[in-house]
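Next come the chains, spelled out residue by residue.
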Amino acid sequence: MSELTSMMNIGREMKKKLISVGIESSEELIETGAKDAFLKLKQKYPNICLVHLYTLEGAIHNTEYNRLSENTKKELKEFSDFLKK
């Protein structure tokens, strides 16, 4: 199993939060997916924001979160906005 911090965008703080919700490796994050991981994080850490979702998606696709496509960002924003309702 690969360390979460070996993934792009995943620092120590995000690693701690992911482990606290049961995601302990990069493989588990990839298997869980950004949206489900974000949902788990949001339930435990209500102040987590859209940038965290972008960070997770970027990590899964090995790209900087600010380089995600506009379509991907739009889809993730819609998901995040839906959770606020």
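**Student:** Looking at this structure, how should I read unusual backbone geometry?
**Tutor:** The phi angle of most residues is negative, glycine excepted, and most peptide bonds adopt the trans form. Phi at Asn9 takes a positive value of approximately 80°, unusual for a residue other than glycine. Of note, Asn9 is situated in the segment before helix H1 (12-20). Owing to a relative accessible area of 27%, Asn9 belongs among the partly exposed residues under this scheme. Phi is positive for Asn62, close to 55°, though the residue is something other than glycine. Inspection of the secondary structure assignment puts Asn62 in the loop between helix H4 (50-60) and helix H5 (70-84).

What counts, and at which threshold
Residues numbered from 1 in each chain as written. Predicted model: local features only at pLDDT ≥ 70, side-chain atom pairs only at ≥ 80, totals over all residues. Heavy atoms only, no water. Helix = DSSP H or I, 4+ residues; strand = E, 2+ residues; numbered from the N terminus. Buried < 20%, exposed > 50% of the residue type's maximum accessible area, 1.4 Å probe, protein only.

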